[in-house]
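Observations on the three-dimensional arrangement
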Amino acid sequence: MNTTIEEKNGTLVAIFEGRLDTAASLQTEKDLQPLNNCDGQDIILDCTRLEYISSSGLRLFLGVLKNAKPHGSKVYLTGLNDDLKSVFAMTGFINLFD
């Protein structure tokens, strides 16, 4: 699992590559720490190269969302493949993100 954070046009973009499972979640949580300082910047969670997400990964995404809202930031999901869309739809998470 590889997580990269970039800033593009004032927006923070987290790019996920690989499988976000329980084993990868601890390192991914550390990699996402810069998003805690969003200060009103919107966040894009780019899942174009994300192959799989477990409940631990969903918890991390929810944590990003919960941290961003009090800062006035919006969190967007992009690049969800059909399998990921199904997971987000079944859990109701699809409705939480812009």
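We now turn to the structure provided with this report. As the structure is a computational prediction, the values presented were derived from the model and not from experiment.

1. Side note on the overall build of the protein chain
On a plain count of helices and strands, the protein chain comes out with three helices and four strands. Scanning the protein chain from its N terminus toward the C terminus, one meets helices and strands in the order β-β-α-β-α-β-α. Relative to a compact globule of 98 residues, whose C-alpha radius of gyration would be 13 Å, the protein chain shows 12 Å and is just as compact. Dimensions of the protein chain, computed from C-alpha atoms along their principal axes, come out at roughly 30 × 25 × 20 Å. Residues counted as buried form 40% of the 98 residues belonging to the protein chain. Across the protein chain, contacts joining residues at least 24 apart in sequence account for 70% of those joining residues at least 6 apart.

2. Considerations on the environment of P34
Within the secondary structure layout, P34 lies in the loop between α1 (22-31) and β3 (43-53). The class of P34 is partly exposed, set by a relative accessible area of 44%. Distance in space between the C-alpha atoms of P34 and D46 is 15 Å, their sequence separation being 12 residues.

Rules of the game
- Residues numbered from 1 in each chain as written.
- Predicted model: local features only at pLDDT ≥ 70, side-chain atom pairs only at ≥ 80, totals over all residues.
- Heavy atoms only, no water.
- Helix = DSSP H or I, 4+ residues; strand = E, 2+ residues; numbered from the N terminus.
- Rg over C-alpha atoms; globule rule 2.2 N^0.38 Å.
- Buried < 20%, exposed > 50% of the residue type's maximum accessible area, 1.4 Å probe, protein only.
- Contact = heavy atoms within 4.5 Å.

Read these as spatial facts, not as claims about activity.
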